[in-house]
There are 2 protein chains.
Amino acid sequence: MADRIGAGGPSLLFLTDEQLRQGIEAMYFAYRGFTADPDRILEEHGYGRAHHRAIHFIHRSPGTTVNNLLSILGVTKQSLNRVLRTLIDEGLVEARVGTRDKRERNLFLTEAGEKLERALSEVQRERMRAAYREAGPEAVRGFRMVLEAMMDPQMRRHFNRLKDGEE
Amino acid sequence: MADRIGAGGPSLLFLTDEQLRQGIEAMYFAYRGFTADPDRILEEHGYGRAHHRAIHFIHRSPGTTVNNLLSILGVTKQSLNRVLRTLIDEGLVEARVGTRDKRERNLFLTEAGEKLERALSEVQRERMRAAYREAGPEAVRGFRMVLEAMMDPQMRRHFNRLKDGEE
DNA sequence: CTTTTATGTCAGCCTTGTTGACATTCCAAG
DNA sequence: CTTGGAATGTCAACAAGGCTGACATAAAAG
């Protein structure tokens, strides 16, 4: 015990390599749970996580452009285009030619798109709600703080912009 | 303000759909950061996340079997085998025939394997350390609590078994 | 001896990422 | 008005890493 204190003090025990490694594994296993429920629904429809991400952020920012979506998702336009094409062809997403700049496409969910979005976010929120309830409000604040500190600066900007957009 | 209290009380504000959605987005963006640093190193070596996961858990439990790894990673043996084959062929992993049960293969990292593991976990721990330091010990406890509550029961069992194995 | 288990391997498919090349549309600067 | 460049779409090809199904082998278990 004395040597542990000598190694940095009890207040820094949460920074030991062992603690950090447990945090890494917790992050890995938790993310598996985080995606498990939506994955099941997506599979029924023949979609994947890429479709989920597009649907989520279009729902979140109706009328967003392809470029903005590319910046949030961090993939190539070809990848995103393939996903968007499917969603548009199957009537979940509508792409309206931009009013100000006609080169841009403003993306919206159709009624069918909104319906799938609700189904996906419902199960994901339910898992989050159960975890939040079990851990309590104080833990949730800590959870949010650590996650935000873990983001790349550019992702943090996107995160905060989305957050502040609907306060 | 009064209607918010009426909607469930101030202590439950962390369970509003808006709060839950922010938690979902935080999880998504943070996971991107979480994997970004190892991904860069892996790319230099021509490996992917699947190799990282195998290396991590073999390092974590030297002598583990293929079956145990399958159960932790939740992929098919064909998928895992492809990754292990590469790692064995390139001299990062050694597969010794089991002593007790000769059908089993006990997996170990070679010196080269341990070296890559150190490089990968170093950058990942560094990001985790920075986030932990910024958020503080209380936040880290909350972070861990929420993540653990978010896991599927089977993953939580794996997580706790790994955790207790090296206390 | 037969069955089950642990593992490996081959073939083929899917999603989702990548790069490169090229067409179209259209704003904006000259 | 013309032209350059930006935003977008599209086609082709490729790779990683999931998946399923089928089959082989060795060894443990009954």
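All values reported here derive from a predicted model rather than from experimental measurement.

Asker: Looking at this model, I keep getting lost on the interface of chain A and chain B. Mind explaining?
Answerer: One frequently used descriptor of interface size is the decrease in accessible area upon assembly of the parts. Tallying the contact residues gives 60 residues for chain A and 60 residues for chain B. Between chain A and chain B lies a buried interface of about 6300 Å² when both sides are counted; carbon and sulfur atoms form 71% of it. Seen at the junction of chain A and chain B, the total is eight salt bridges. Note that Asp152 of chain B and Arg127 of chain A form a salt bridge whose closest N and O atoms lie 3.0 Å from each other. Our count for the chain A to chain B interface comes out at 18 residue pairs in polar contact (both at pLDDT 80 or more). Ranked by residues supplied to the side of chain A that touches chain B, first place goes to helix α2 (residues 17-45) of chain A with 19 residues. When grouped by side-chain class, the residues that make up the side of chain A that touches chain B number 32 nonpolar, eleven polar and 17 charged.

Asker: Would you mind going over the protein's contact with DNA strand D with me for this structure?
Answerer: For DNA strand D, the set of nearby residues contains 25 residues, the closest of which are Gly48, Arg53, Thr76, Gln78 and Arg82 of chain B. What you see for DNA strand D is that sugar and phosphate hold 52% of its atoms within 4 Å of the protein. Between a phosphate oxygen of DNA strand D and a side-chain N or O atom of Asn67 of chain A, the distance comes to 3.2 Å. Note that a phosphate oxygen of DNA strand D is positioned 2.6 Å from one of the backbone N or O atoms of Thr76 of chain B. Going through the elements one at a time, α4 (66-73) and α5 (77-89) of chain A together with α3 (49-60) and α5 (77-89) of chain B are the ones with two or more residues in the surface near DNA strand D. Broken down by class, the residue content of the surface near DNA strand D amounts to three nonpolar, ten polar and twelve charged.

Asker: For this particular structure, what's the right way to read the protein's contact with DNA strand C?
Answerer: Taken together, 23 residues lie around DNA strand C, and Gly48, Arg53, Ser79 and Arg82 of chain A together with Lys77 of chain B are the ones closest in. One of the side-chain N or O atoms of His51 of chain A is found 3.2 Å from a phosphate oxygen in DNA strand C. Lys77 of chain B has a polar side-chain atom sitting 2.2 Å from a base oxygen of DNA strand C. Residue classes in the surface near DNA strand C are distributed as three nonpolar, nine polar and eleven charged.

Asker: Would you mind showing me how to read the side chain of Arg127 of chain A here?
Answerer: Among the structural elements, Arg127 of chain A can be located in helix α6 (residues 111-135). With relative accessibility at 14%, the residue Arg127 of chain A sits in the buried group. Looking at Arg127 of chain A, its side chain comes within polar contact range of the main-chain oxygen of Gly33 of chain A, at 3.0 Å. The residues touching Arg127 of chain A, leaving out its near neighbours within four places in the chain, are Gly33, Phe34, Ala36, Asp37 and Arg40 of chain A together with Met150, Met151 and Asp152 of chain B.

Parameters and conventions
- Residues numbered from 1 in each chain as written.
- Chains lettered and ligands numbered in written order.
- Predicted model: local features only at pLDDT ≥ 70, side-chain atom pairs only at ≥ 80, totals over all residues.
- Heavy atoms only, no water.
- Contact = heavy atoms within 4.5 Å.
- Buried area = accessible area lost by both parts, 1.4 Å probe.
- Salt bridge = Lys/Arg side-chain N within 4 Å of Asp/Glu carboxyl O.
- Polar contact = N/O pair within 3.5 Å; in protein donor to acceptor, adjacent residues only side chain to side chain.
- Helix = DSSP H or I, 4+ residues; strand = E, 2+ residues; numbered from the N terminus.
- Nonpolar A, V, L, I, M, F, W, Y, C, P; charged D, E, K, R; others polar.
- Near = heavy atom within 4 Å.
- Buried < 20%, exposed > 50% of the residue type's maximum accessible area, 1.4 Å probe, protein only.

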